[in-house]
Amino acid sequence: MAKILVIHGPNLNLLGQRETDIYGTATLDNVNNKLIELAESKKMHCSCFQSNHEGAIVDQLQQAQGNYDFIIINPAAYTHTSVAIRDALLAINIPFIETHLSNPDKRELFRHHSYLSDIAYGIVSGMGAKSYELAMHAAIDYCQHNCI
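Just so we're clear, the structure is a prediction, and the values are computed from it rather than from any experiment.

### Comments concerning the pairing of strand β1 (residues 3–8)
Counting buried residues in β1 gives five out of six residues, a clear majority hidden from the surface. In this sheet, strand β2 (residues 45–50) lies alongside β1 in parallel orientation, the contact comprising six bridges. Residue pairing in the sheet places Ile4 in a bridge with Cys46 of β2. Where β1 lies against strand β3 (residues 70–74), five bridges are found, and the strand directions are parallel. By the bridge assignment for β3, Ile7 is matched with Ile73.

Here it is as structure tokens:
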């Protein structure tokens with residue numbers, strides 16, 4: 001059974017309450033439940049993790065090695081600042097999709113650079129909670145064709 005890990009970065013625990021004009025009204029529980037449902041419908045396992053702390057995300061990535069086949073990560077603000085998360089993703093060598101609720105290229109200039117995009121299997125952004133669902137469909141497709 002293929003296993004997909006979803007990692008949510010800082011402030012995503014506030015989904016549904018924070019800047020709903022940018023991030024929408026879906027809560028993190030809504031997002032996670034939908035992703036788990038999608039994975040289970042294809043006989044795959046999905047685990048979800050959220051942290052506001054960079055080190056906890058790095059720890060989770062390191063623990064994924066040998067335990068997960070694919071990662072969907074919304075590093076949130078760490079997209080633009082974290083060499084540590086980039087290095088962890090390179091070290092574990094698990095394919096991943098970088099995901100964002102908003103489109104970083106339509107936002108402040110400092111959000112236009114990602115430390116992860118050039119090493120990601122793919123990027124899905126700008127479609128609110130649907131970004132996660134599209135990333136999950138792509139992860140499922142990848143696992144169906146590449147995972148034992």
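### Points about the UniProt feature "binding site: substrate" (unreviewed entry) in the protein
The UniProt record annotates "binding site: substrate" (unreviewed entry) at Asn74, His80, Asp87, Leu101, Ser102 and Arg111. Topologically, His80 is positioned in the loop between β3 and α4 (83–92).

### Some details on the packing of helix α2 (residues 28–41) against helix α5 (residues 130–146)
Running from amino to carboxyl end, α2 crosses α5 at an angle of 25°, the nearest separation of the two axes being 10 Å. Put simply, α2 runs roughly parallel to α5. The interaxial crossing formed by α2 with α5 has right-handed handedness. For the pair formed by α2 and α5, the contact residues are Val31, Lys34, Leu35, Leu38 and Ala39 on the first element and Tyr132, Glu133, Met136, His137 and Ile140 on the second.

### Some points on the UniProt feature "active site" (unreviewed entry) in the protein
Following the UniProt record, one finds the feature "active site" (unreviewed entry) at Tyr23 and His100. The greatest C-alpha distance among the annotated residues, which extend across 78 residues, is 9.3 Å, indicating that they converge on a single site. With respect to the helices and strands, the residue Tyr23 is situated in helix α1 (residues 20–23). On the basis of relative accessibility, which here comes to 9%, the residue Tyr23 falls in the buried class. Turning to its location among the elements, His100 is positioned in strand β4 (residues 96–100). The exposure class assigned to His100 is buried, which follows from its relative accessible area of 6%. Contacts of His100, omitting those with residues within four sequence positions, involve Asn74, Pro75, Thr79, Val124, Ser125, Gly126 and Ser131.

Calculation rules
- Residues numbered from 1 in each chain as written.
- Predicted model: local features only at pLDDT ≥ 70, side-chain atom pairs only at ≥ 80, totals over all residues.
- Heavy atoms only, no water.
- Buried < 20%, exposed > 50% of the residue type's maximum accessible area, 1.4 Å probe, protein only.
- Helix = DSSP H or I, 4+ residues; strand = E, 2+ residues; numbered from the N terminus.
- Pairing = 2+ DSSP bridges.
- UniProt positions renumbered as here; feature names shortened; annotations may be inferred.
- Axes fitted to C-alpha atoms, helices over the stretch in contact; angles between N-to-C directions.
- Parallel < 35°, antiparallel > 145°, perpendicular 65-115°, else oblique.
- Left-handed = near helix turned anticlockwise from the far one by under 90°.
- Contact = heavy atoms within 4.5 Å.

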